Amino acid sequence: MIYFVTGITGTVVPVVVEDLMKKDPDAAFYFAIRKDKKGNGIQARFESVVDSLDLDIPTRRKLAERSRLVEINVEKERLGIDPKLYSEIIEKTEKILHGAADVRFDQPYEKIRISNVVFSQKIYDLFDSIKQHRETYAKNKPTLYYISTGYAYGIHKKPIPEDFPEFHPGKPDNTYAQTKAEAKIFMLDKINRCKDSIVIFEPTIIGGSARTGRTKTYNLHYIVMMLGYMGKLPFLTAPENQLDIVPVDWVAAVISDIMAGDQYHQGVVRLASGAGGVPVKTLHDVGYNYYVTHDPVPGHVIPKIRFVPCWFFYSMINVQKIFYQAMYFCTRQKRFRKMAKGISLLEGYFPYITRSKVFENSRSMELIQKYTNCSSAPTMQDIRDKDGQVIQKGYFGKILADTLETGWGGMVDFKRLEKKTAEYKSPQAALISSRK
Ligand SMILES: NC(=O)c1ccc[n+]([C@@H]2O[C@H](COP(=O)([O-])OP(=O)(O)OC[C@H]3O[C@@H](n4cnc5c(N)ncnc54)[C@H](OP(=O)(O)O)[C@@H]3O)[C@@H](O)[C@H]2O)c1
């Protein structure tokens with residue numbers, strides 16, 4: 001099968017490609033890729049992705065041999081692809097996986113719309129040309145697999161329904177959710193009106209691998225856990241709210257089974273843990289206990305987070321933001337601007353924690369059971385038994401271990417924290433000994 005793939009430099013798509021290499025013996029790829037901001041070219045970027053894949057060396061070599069890189073610029077006509085290459089892609093591609101998106105929560109609407117809506121529309125145009133080409137030559141129909149998000153549903157007081165072929169999103173939590181909802185409406189319209197073969201995947205929050213605990217990006221719950229570890233999050237709210245976290249390897253296994261299986265070609269598959277979401281308080285307790293017992297920094301004290309009412313929590317956040325903005329205004333010190341920006345970024349994350357998001361998933365579980373070799377998302381949390389005791393299932397241990405092994409992917413410098421902790425401790429020690 002020949003695939004046209006976007007998002008190969010991201011978190012999810014490389015794991016899907018790893019799986020496709022194992023499940024489809026004839027897999028060959030066009031990878032749509034752009035230069036990065038540091039000036040790394042597409043070849044270098046692709047090579048570093050291939051090096052990072054969990055594949056043996058012969059399979060990596062095979063992947064490299066079967067891959068053609070396509071430099072793209074979303075803002076240009078036909079994605080800026082050279083016309084000759086564009087025609088070749090139309091002639092050869094059988095399936096498209098569109099997994100690229102701007103997943104930041106703090107971007108202005110007009111900017112993020114380009115990566116999340118315009119990009120999807122241009123991918124559809126390519127799909128449409130492939131479809132017409134294959135019709136003309138009586139070849140089997142192509143399929144477009146689009147990765148959306150459960151959070152495209154925005155604010156929903158009730159459990160979020162599986163309402164395909166309909167879709168009634170609530171008020172969006174941020175511009176990411178807003179633009180992902182727009183792109184989903186666009187794709188759904190193509191399914192409903194044009195009867196196109198489009199499969200929309202709807203993962204919820206994607207966490208580290210259930211097998212290894214590893215992740216490539218540390219955002220959302222990882223940031224909250226990091227702030228807790230660093231003692232920079234004294235308050236949190238909504239302890240009973242559930243976070244629907246699904247492991248990246250399970251998400252990739254479902255997507256790749258459906259793509260390589262080639263049996264399911266139209267509809268929406270939600271990738272959620274459903275009723276098995278983890279309550280914020282459980283995540284806090286398990287994380288707190290783990291970090292206290294495995295802290296690599298001697299003497300570092302991790303304060304417990306206090307759960308407070310929502311109004312109080314948001315007032316504290318606002319006060320802090322205004323304080324840092326005022327400090328920046330008065331002193332022009334960059335660190336204050338950085339702190340204010342950090343809080344704005346967190347404000348994008350908080351709705352995921354403070355607003356109830358429970359995802360129905362029984363319809364999708366039926367599809368997953370029918371069309372894949374996967375069962376429900378592996379146990380995503382240490383669960384509580386009927387007496388309220390936490391039963392260890394292992395997943396948390398793995399993801400928490402990964403955060404300490406990697407320092408949240410380099411965001412926390414344990415050596416520096418150790419130095420700071422020692423500096424902070426020593427004046428106290430000096431004071432105590434002088435009192436003696
Ligand atoms: N991560 C989650 O928790 C989660 C949850 C639900 C759904 N999803 C969906 O899953 C998909 C993959 O997410 P992810 O976590 O893997 O995201 P990610 O790690 O941020 O990767 C995003 C990918 O999209 C590419 N991209 C974004 N804008 C682009 C543009 N304008 N032109 C070309 N390439 C562009 C990026 O390329 P560069 O490297 O060049 O920037 C990167 O390869 C997305 O559709 C996302 O909405 C993710």
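Draft legend 1. Expanded view of the domain arrangement of the chain. According to the domain assignment, the chain contains domain 1 (2-204 + 244-273) and domain 2 (278-358 + 394-435). Its C-alpha centre places domain 1 at a distance of 34 Å from the equivalent point of domain 2. Counting residues at the interface gives 13 residues for domain 1 and eleven residues for domain 2. When the two sides are added together, the surface that domain 1 and domain 2 hide from each other amounts to roughly 1,200 Å², 61% of it contributed by carbon and sulfur. Per-residue buried area on domain 1 facing domain 2 is highest for Phe105, Tyr151 and Asp173; these three make up 42% of the total on that side. At the boundary of domain 1 with domain 2, the tally comes to two salt bridges. Note that Asp173 is salt-bridged to Arg355, the shortest N-O span being 2.6 Å. Our count for the contact surface shared by domain 1 and domain 2 stands at four residue pairs in polar contact (both at pLDDT 80 or more).

Draft legend 2. Structural context of the pairing of strand β6 (residues 198-203). Counting buried positions along β6 yields six of six residues, so the element is predominantly enclosed. Of the two faces of β6, the one holding Ile198, Ile200 and Glu202 and the one holding Val199, Phe201 and Pro203 are both buried throughout. As paired elements, strand β5 (residues 143-147) and β6 share four bridges and run parallel to each other. Within β6, the residue paired with Leu144 across the bridge is Ile198. Running through helix α6 (residues 175-194), the crossover from β5 to the neighbouring parallel element β6 is right-handed. Note that β6 and strand β11 (residues 267-271) share five bridges and pair parallel. Looking at the pairing, Glu202 lines up with Arg270 of β11.

Draft legend 3. Spotlight on the packing of helix α1 (residues 13-23) against helix α8 (residues 248-261). Two numbers describe how α1 lies on α8: the axes approach to 8 Å, and their chain directions differ by 45°. The angle between α1 and α8 places the two elements in the oblique class. Between α1 and α8 the crossing geometry is right-handed. Contact residues: Val15, Val16, Asp19, Leu20 and Lys23 in α1; Val248, Asp249, Ala252, Ala253, Ile255, Ser256, Asp257, Met259 and Ala260 in α8.

Draft legend 4. Quick look at α1. A large share of α1 lies buried, amounting to nine of its eleven residues. When we look at burial in α1, the residues that qualify are Val13, Pro14, Val15, Val16, Val17, Glu18, Asp19, Leu20 and Met21.

Draft legend 5. Quick look at the site of the ligand. Residues in contact with the ligand amount to 24 residues; listed here are only the nearest, Thr9, Thr11, Arg45, Tyr176 and Lys180. One nitrogen or oxygen atom from the main chain of Gly7 is found 3.5 Å from an oxygen atom belonging to the ligand. The separation between a nitrogen atom of the ligand and a polar side-chain atom of Ser115 is 2.9 Å. Bound to the protein, the ligand loses 86% of the 880 Å² it would expose on its own. For the shell around the ligand, the elements supplying multiple residues, two or more each, are α5 (109-136), α6 and β7 (205-207). When grouped by side-chain class, the residues that make up the shell around the ligand number twelve nonpolar, nine polar and three charged.

Draft legend 6. Region of the structure containing the nonpolar core. Counting 89 residues, the largest nonpolar core has Phe4, Ile81, Tyr229, Tyr291 and Trp408 as its most contacted members. At eight residues, helix α11 (residues 334-354) tops the list of elements feeding residues into this core. Taken domain by domain, this core gets at least three of its residues from each of domain 1 (2-204 + 244-273) and domain 2 (278-358 + 394-435). Excluding anything up to four places from it in sequence, Ile81 contacts Phe4, Val70, Glu71, Ile72, Tyr86 and Ile89.

Draft legend 7. Main features of unusual backbone geometry. That bond from Phe164 to Pro165 is cis: its omega, 15°, falls within 30 degrees of zero. Topologically, Pro165 is positioned in the loop between β5 and α6. Even without glycine at this site, Leu79 takes up a positive phi of about 60°. Here Leu79 lies in the loop between β3 (67-71) and α4 (83-92). The class for Leu79 is buried, based on a relative accessible area of 0%. Its identity as a non-glycine residue notwithstanding, Asp262 has a phi of 60°, on the positive side. Tracing the backbone shows Asp262 in the loop between α8 and β11. A relative accessible area of 26% means that Asp262 is categorised as partly exposed.

Draft legend 8. Region of the structure containing a positive patch on the surface. A contiguous patch of positive charge on the surface is contributed by Lys232, Lys338, Arg416, Lys419 and Lys420. Top contributing element to the positive patch by residue count: helix α14 (residues 414-435), with three residues. Topologically, Lys420 is positioned in helix α14. Classification of Lys420 by relative accessible area gives exposed; the value is 52%.

Draft legend 9. The packing of aromatic side chains, seen in detail. The final tally for this structure, using the stated rule, is 25 aromatic pairs. Between the aromatic rings of Tyr145 and Phe201, the centroid separation amounts to 6.3 Å while the plane-to-plane angle is 15°, which identifies the pairing as stacked. With Tyr145 in strand β5 and Phe201 in strand β6, this pair connects stretches of sequence that are 56 residues apart. Look at Tyr145 and you get buried, because its relative accessible area is 0%. Using a relative accessible area of 0% as the deciding quantity, one classes Phe201 as buried.

Conventions used here
Going along each chain's sequence as written, the residues are numbered from 1 onward. Residues qualify for local features only when their pLDDT is at least 70, as the model is predicted, and side-chain atom pairs are given and counted only at 80 or more; totals for whole chains, interfaces and linings, by contrast, use all residues. Heavy atoms from the whole structure form the basis of all side-chain values; hydrogens and water molecules are not counted. Domain segmentation is taken from an automatic or database assignment of domains. Throughout, a residue-residue contact means that at least one pair of heavy atoms, one from each residue, lies within 4.5 Å. Two parts placed together each lose some accessible area; with a 1.4 Å probe, that loss summed over both constitutes the buried area. Whenever a carboxyl oxygen of Asp or Glu lies within 4 Å of a side-chain nitrogen of Lys or Arg, that contact is scored as a salt bridge. Any pair of N or O atoms that falls within 3.5 Å is considered a polar contact. Within protein, one atom must be able to donate a hydrogen and the other to accept it, and sequence-neighbouring residues count only if both atoms are side-chain atoms. Only protein chains enter the calculation, and the probe is 1.4 Å; a residue is then buried if its accessible area is under 20% of its type maximum, exposed if over 50%, and partly exposed in between. Numbering of helices and strands runs from the N terminus; a helix is a DSSP stretch of H or I covering at least four residues, while a strand is a stretch of E covering at least two. For two strands to pair, DSSP has to find at least two bridges joining them. Look down the strands so they point away from you; if going from the first strand over the helix to the second traces a clockwise path, that crossover is right-handed. Lines fitted to C-alpha atoms define the axes, with helix axes restricted to the stretch in contact, and inter-axis angles between N-to-C directions lie between 0 and 180 degrees. Each angle receives one of four descriptions, namely roughly parallel if under 35 degrees, roughly antiparallel if over 145, roughly perpendicular if within 65 to 115, and oblique otherwise. Handedness of a crossing is defined here by the sense of rotation of the near helix relative to the far one, left-handed for an anticlockwise turn of less than a right angle and right-handed for a clockwise turn. Residue proximity to a molecule or strand is established when one non-hydrogen atom of the residue lies within 4 Å of it. Methods summary: accessible areas were calculated by the Shrake-Rupley approach with a probe of 1.4 Å, and residue burial reflects only the protein chains presented. Charged means Asp, Glu, Lys or Arg here, nonpolar means Ala, Val, Leu, Ile, Met, Phe, Trp, Tyr, Cys or Pro, and polar covers whatever is left, Gly included. Definition of nonpolar core: a set of buried residues of the types Ala, Val, Leu, Ile, Met, Phe, Trp, Tyr and Cys, connected through side-chain atoms within 4.5 Å. Candidate patch residues must exceed 30% relative accessible area and have no salt bridge, after which like charges are joined if within 9 Å and Val, Leu, Ile, Met, Phe, Trp or Tyr side chains if within 5 Å. A residue counts as positive if it is Lys or Arg and as negative if it is Asp or Glu; His and the chain ends are not included. To locate a charge, take NZ of a lysine, CZ of an arginine, CG of an aspartate or CD of a glutamate. Here is the rule: rings of Phe, Tyr and Trp (six-membered ring for Trp) pair when centre to centre is within 6.5 Å. Planes less than 30 degrees apart are stacked, more than 60 are edge-to-face, and the remainder are tilted.

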